[in-house]
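# Coordinate inspection notes
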Amino acid sequence: MIENRKYILITVFCLVGIVYIARLFYLQILDDSFSLEASNNSIKRVIEIPYRGQIYDRNGKLIVYNTPVYDIYVTPKKMYVPDTLAFCRLMGLERREFDSLIAAARSYSPVKPSLFLRQLSKEDFARIQDALVDYRGFEHVTSSMRTYPAHTMANALGYVSEVTRKELEEQETPYYRQGDYKGHSGLEEQYEEVLRGKRGMRFVMQNVRGVIKGSYKNGKFDTIAVAGQNLYTGIDVEIQRYADSLLVNKVGSVIAIEPATGQVLAIASSPTYDPNMLSSRYFSKNYSKLAKDPYKPLINRAVMASYRPGSTFKLIQALIGLQEGVLTPASQFGHGGVKMKCHGHPPGIHLLGAVQYSCNPYFYHVFRRLMYNNAERNTFKASAMGLRHWNEMAARWGIGQKLGIDLPSELKGKLPDVEYYDKIYGEMRWKFSNIYSLGIGEGELLISPLKMANVAAIIANRGYYYRPHIVAGIGKPGQGLDPKYSEKIEVGVDRHYFESVIDGMEMAVKAGTVTRGAIIPDIVMCGKTGTSQNAKGKKDHSIFVAFAPRDNPKIAIAVFVENAGFGGVAAAPIASLLVERYLKRKTLNTALDKRVKEMNFLAGALPTPKVQLKKPDTTKTPRPDTGRKPNGQRPFMVKSAPTVNRPLPVRPTALELKPLTPKPAVLKSGD
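These figures come from a predicted structure and were not determined experimentally.

Helix and strand counts for the protein come out as 23 helices and 22 strands. Pairs at least 24 residues apart make up 72% of the contacts formed inside the protein by residues separated by at least 6 positions. When the accessible surface of the protein is summed, it comes to about 33300 Å², and 54% of that surface belongs to carbon and sulfur atoms.

Below, the discussion takes up the sheet that holds strand β11 (residues 252-257). Taken together, the five strands give an open sheet; going across it, the order is β12-β11-β18-β17-β16, and neighbouring strands pair in antiparallel fashion. Where the open sheet ends on each side, the last strands, each with one partner, are β12 (264-270) and β16 (526-532). Each adjacent strand pair in this sheet contributes to an overall mean axis angle of 5°, direction not counted. Direction of pairing for strand β17 (residues 541-548) relative to strand β18 (residues 555-561): antiparallel, over a ladder of seven bridges. From the neighbouring strand, Val-545 faces β18, where its bridge partner is Ala-558. The strands that helix α21 (residues 571-584) touches are β11, β12, β17 and β18; relative to β18, the one it contacts most, it runs at about 150°.

As a further point, take helix α10 (residues 237-246). The buried fraction of α10 is high, at seven of 10 residues. Inspection of α10 places Val-237, Ile-239, Gln-240, Tyr-242, Ala-243, Asp-244 and Leu-246 among the buried residues, and these make up the whole buried set. Residues of α10 that are buried sit in contact with β3 (62-74), β11, β12, α21 and α22 (590-598). Of the residues that open α10, the one with a side-chain oxygen 3.1 Å from the backbone nitrogen of Glu-238 is Asp-236.

Together, Ile-8, Val-12, Val-16 and Tyr-20 make up an exposed nonpolar region whose accessible area comes to about 400 Å². Tracing the backbone through its elements, the reader meets Ile-8 in helix α1 (residues 2-30).

Let us look at the nonpolar core. Grouped together as the largest cluster of nonpolar side chains are 95 residues, with contacts concentrated most on Ile-267, Trp-390, Trp-397, Ile-459 and Ile-470. Discounting residues that sit within four places of it in the chain, Ile-459 has contacts with Leu-315, Leu-319, Trp-397, Phe-498, Ile-502, Met-505 and Phe-547. Grouped together as the second largest cluster of nonpolar side chains are 37 residues, Leu-246, Met-525, Val-561 and Ile-574 included.

On to the packing of aromatic side chains. Taken as a whole, this structure holds 27 aromatic pairs when the rule is applied. Between Tyr-464 and Tyr-466 the ring centres are 6.0 Å apart and the planes differ by 85°, which places this aromatic pair in the edge-to-face class. Of the two residues examined, Tyr-464 and Tyr-466, each falls in the buried class. One aromatic cluster is present, formed by Phe-313, Tyr-364, Phe-367, Tyr-372, Trp-390, Phe-432 and Tyr-436 through successive ring pairs.

So, on to the side chain of Ser-253. Mapping Ser-253 onto the fold places it in strand β11. You can call Ser-253 buried: its relative accessible area is 0%. Those residues within four positions of Ser-253 in sequence are excluded, and the remaining contacts are Leu-247, Ala-268, Ser-269, Arg-301, Ala-302, Pro-449, Ala-558, Val-559 and Phe-560.

Cis peptide bonds are those with omega within 30 degrees of zero, and the linkage from Ser-270 to Pro-271 qualifies with 0°. Residue placement: Pro-271 occurs in the loop between β12 and α11 (283-292). In this model, Ala-548 is joined to Pro-549 through a cis peptide bond whose omega is -15°. Positioned with a positive phi, Met-153 is a non-glycine residue whose angle comes to about 65°. Turning to its location among the elements, Met-153 is positioned in the loop between β5 (138-147) and α6 (154-157). Residue classification places Met-153 among the buried positions, given a relative accessible area of 4%. Here Asn-552, not a glycine, exhibits a phi torsion of approximately 55°, which is positive.

Oppositely charged side chains can pair when the atoms bearing their charge come close. Following the criterion strictly, the structure yields 20 salt bridges and no others. Among the salt bridges present, the one from Glu-94 reaches Arg-96, with a minimum N-O distance of 3.0 Å. On the basis of relative accessible area, Arg-96 is assigned to the exposed category, the value being 60%. Asp-503 is paired through a salt bridge with Arg-550; the nearest N and O atoms lie 2.7 Å apart. Taken together, the residues Asp-503 in helix α20 (residues 498-511) and Arg-550 in the loop between β17 and β18 connect sequence positions 47 residues apart. With relative accessibility at 14%, the residue Arg-550 sits in the buried group. Among the charged side chains, a network of salt bridges with common partners joins Arg-462, Glu-499, Asp-503, Glu-506, Lys-510 and Arg-550.

On to the confidence of the model for the protein, then. On average, residues of the protein carry a pLDDT of 84, and 85% of them reach 70 or more. Residue range residues 618-670 is modelled with pLDDT below 50. Its contacts to residues more than four positions away, or to other chains, number 110 contacts.

Before going further, it helps to spend a moment on the pairing of β11. In terms of burial, β11 is a largely internal element, six of the six residues being buried. Both faces of β11 are covered, namely the face carrying Gly-252, Val-254 and Ala-256 and the face carrying Ser-253, Ile-255 and Ile-257. Pairing analysis gives six bridges linking β11 to β12, with the strands arranged antiparallel. Considered in β12, the bridge of Ser-253 is made with Ser-269. Where β11 and β18 come together, six bridges link them in antiparallel fashion. Within the sheet, the bridge partner assigned to Ala-256 lies in β18 and is Ile-557.

Conventions adopted
Residues numbered from 1 in each chain as written. Predicted model: local features only at pLDDT ≥ 70, side-chain atom pairs only at ≥ 80, totals over all residues. Heavy atoms only, no water. Helix = DSSP H or I, 4+ residues; strand = E, 2+ residues; numbered from the N terminus. Contact = heavy atoms within 4.5 Å. Areas by Shrake-Rupley, 256 points an atom, 1.4 Å probe, with all protein chains shown as cover. Pairing = 2+ DSSP bridges. Axes fitted to C-alpha atoms, helices over the stretch in contact; angles between N-to-C directions. Buried < 20%, exposed > 50% of the residue type's maximum accessible area, 1.4 Å probe, protein only. Polar contact = N/O pair within 3.5 Å; in protein donor to acceptor, adjacent residues only side chain to side chain. Patch = residues over 30% accessible without salt bridge, like charges linked within 9 Å, V, L, I, M, F, W, Y side chains within 5 Å. Salt bridge = Lys/Arg side-chain N within 4 Å of Asp/Glu carboxyl O. Core = buried A, V, L, I, M, F, W, Y, C linked by side-chain atoms within 4.5 Å. Phe/Tyr/Trp six-rings, centres within 6.5 Å; stacked < 30°, edge-to-face > 60°. pLDDT = per-residue confidence, 0-100.

Structure (structure tokens):
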């Protein structure tokens, strides 16, 4: 019995030993992964950066693609430059730049390759390629650079640049390394994870000094880099470029939407810049130049600027009023007791005429009825109850919130509510007379051009919209899109109420506040002008929203031109030309095209220099050419002319305009 137990124990120990020996054999002989981990001193991981995805317009035209470029690396230990000045002339460098680059390379490692020059074009590399063989220690590596063949849409596309130290430190999941590039701003940032692709990795042998000796195990453990996915947008490049041309010498923006899908057809901001400026090795220099431009070309005004909507907001007021039953298409209102001026128009107009002629008193009464509809007798409670409900109705149109466009820079704007006025005036210390300017789109109300283009799309659809979006497909057209962009959003106004307002919009173009030159033959365009109040002493902003054709609309558009005056004079012609170009694919109204392109509102966009008077300098200074007084002191004089300082003009942006606190006053016309 004891003898049997002895053999059992021996057998168990033998089995355990065999298991350990088998495991050690597997780990040391068969499994290369641990060998690879232990070989960091002799094996180097080389990251393979994939090509970024390309970007196309709705017709398959390239908007962004990758151009091969060449990075020059130097190994200081191997470097031999017989004539430094000749080498600097070849590379287009100054001697101090050469010394600085070589010093940085030596500091990094005397025996490892270090980046010397980044992103040489094919032409530049071809020029130096033959001569480069005479300078030992220099080698080239092929990489890529973003290229923008259409030279447009800079603000919406964004740019690609080196990751910052802060971005490296704030990474939730480690991915980027020092010197890596990533998308910043616009689509490049919004779709970074899609565009950047998947990195590959190569394992190469190196000696103790870091010199590459070849591939490790013939690339058995290497992984191939996977290129980023392409983006297919709803942008029409032809319309986009035409919008840019119409906004030359103007400050403002244009955004056009396809009502049936929510796809953005064009999104222009002016002044703008060629996106290729920020895709070269001169990025820092060019970015600094753009950042210092007083007209702020880096701001995407279509989604980042905030303006008072002016009379364009009357469209929303009318439709909310119809839905709430405070007016009908036949309702008429007098002008008596209204602290707003009005246009000259026939007496006794109803809703169609009020929209056609943009009657301020009419919409004053509409807003007043909304504030007091079914309210209590107490003035404050009536206003508070009405404002709260009105705020809820207006918010359904996307006002005062982000619409969710696929850009990282969209601003909410402002839709004032009860709490806002309680904070300004004190609880229960404000009433309708403090807020009536909201009725015509003034006061604290702030919107972006994107929101007003979406309002035009809502009216074109008779009561609903799809979230505006630029990208229409990821990887393939129509695929991979966020489901939220296919969600149909109702605004809470019954369909049959829209026709009366649309009638007024059609008449506003044919015989209302729009200049006659903006009428498009054979196309029924429905629009509404607006004039957004500006800072004191400045011309107002010109606004126009529209859609066309009236039946089965194909395009909804909003145009904002800063400091250009009436909406029907500056903004409406731009919208008309763009609608015509999109629907007819050509421009027939060449006279209007010429006139719009000759308009220049840049001078008006600059502020009037303020005269700052210094206090008179009473410092007593002796007269140099006078004799002494009897007491031996020189006579004194006072500088008589104060110095006038005139600061350099700086372009104010809409972002800097703060809403004015409304107060009873005579408001000027909304158009």
